[in-house]
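# Examination of the molecular architecture
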Amino acid sequence: LREVAPGVGALDEVAPGVELLGLPVMFTTLVLASASAAVTPAHPPRLHSARLAPSRACPSMNWFANAFANDDTLGARDNAGLTKEKTKRTITWKSSSGKTKQSTVVPGQKLRDVARAAGIPIKYSCNEGTCKTCQVKMGGGMVKVCVGKVPDKDVTIVYK
């Protein structure tokens, strides 16, 4: 087998009528040439070349060195585009045993989420406000924590 071009073999030194790999020479030549051409591309793609200068082979990655730095010419930092910031309120949680705990909250939050975040042990059953298991005293009335929301004023909540 002699190499004529990269990846293509020639069997011109084998006498006609001779079998190679159990097949006639003509058919074997076509099979070997096809298989060789299918496996080896005519022009293999160039990967990284060691001959390139280091500056071209691996460009410097300092493009974003100052991209995320603060721009002092903009002035004082504002509230990220929010025009109105909700005023925060304080909820004082009082247990029937007299323990108190305070939470700083935003009006409109779910009382259930605020109670869980503060670690207040309130029992729930239906989670719809029908069974009154989670009912607490807030201000002058009774509120169901599972469906109630934080009012827009500071309040004291007495729970069991």
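That block above? That's the structure.
Residues numbered from 1 in each chain as written. Predicted model: local features only at pLDDT ≥ 70, side-chain atom pairs only at ≥ 80, totals over all residues. Heavy atoms only, no water.

Here we take up the sheet that holds strand E9 (residues 155-159). In space, the five strands of this open sheet follow the order E6-E5-E9-E7-E8, with mixed pairing throughout. Unpaired on one side and paired on the other, strand E6 (100-105) and strand E8 (141-144) mark the two borders of the sheet. Across this sheet, the average inter-strand angle for adjacent strands is 30°, counted without regard to direction. Bridge count between strand E5 (residues 89-95) and E6: six bridges; the pairing is antiparallel. For Ile-91, the partnering residue across the bridge sits in E6 and is Ser-103. The sheet strands contacting helix H3 (residues 111-118) are E5, E6, strand E7 (135-138), E8 and E9, and the helix crosses E5 at an angle near 70°. (Pairing = 2+ DSSP bridges. Helix = DSSP H or I, 4+ residues; strand = E, 2+ residues; numbered from the N terminus. Axes fitted to C-alpha atoms, helices over the stretch in contact; angles between N-to-C directions. Contact = heavy atoms within 4.5 Å.)

So, about the environment of Val-150. Mapped onto the secondary structure, Val-150 falls in the loop between E8 and E9. C-alpha separation for the pair Val-150 and Gly-108, spaced 42 residues apart in sequence, amounts to 5.0 Å. Not counting the four nearest positions on each side in its chain, Val-150 is found in contact with Ile-91, Val-105, Val-106, Pro-107, Gly-108, Gln-109, Leu-111 and Val-114.

Here the focus is the nonpolar core. Within the largest apolar cluster, 19 residues are counted, with the highest numbers of intra-cluster contacts made by Ile-91, Trp-93, Leu-111, Ile-120, Ile-122, Val-145 and Ile-157. Among the elements that line this core, the one with the most residues is H3, at four residues. In contact with Val-145, other than residues within four places in its own chain, are Leu-111, Arg-112, Ala-115, Ile-122, Tyr-124, Cys-134 and Val-136. (Core = buried A, V, L, I, M, F, W, Y, C linked by side-chain atoms within 4.5 Å. Buried < 20%, exposed > 50% of the residue type's maximum accessible area, 1.4 Å probe, protein only.)

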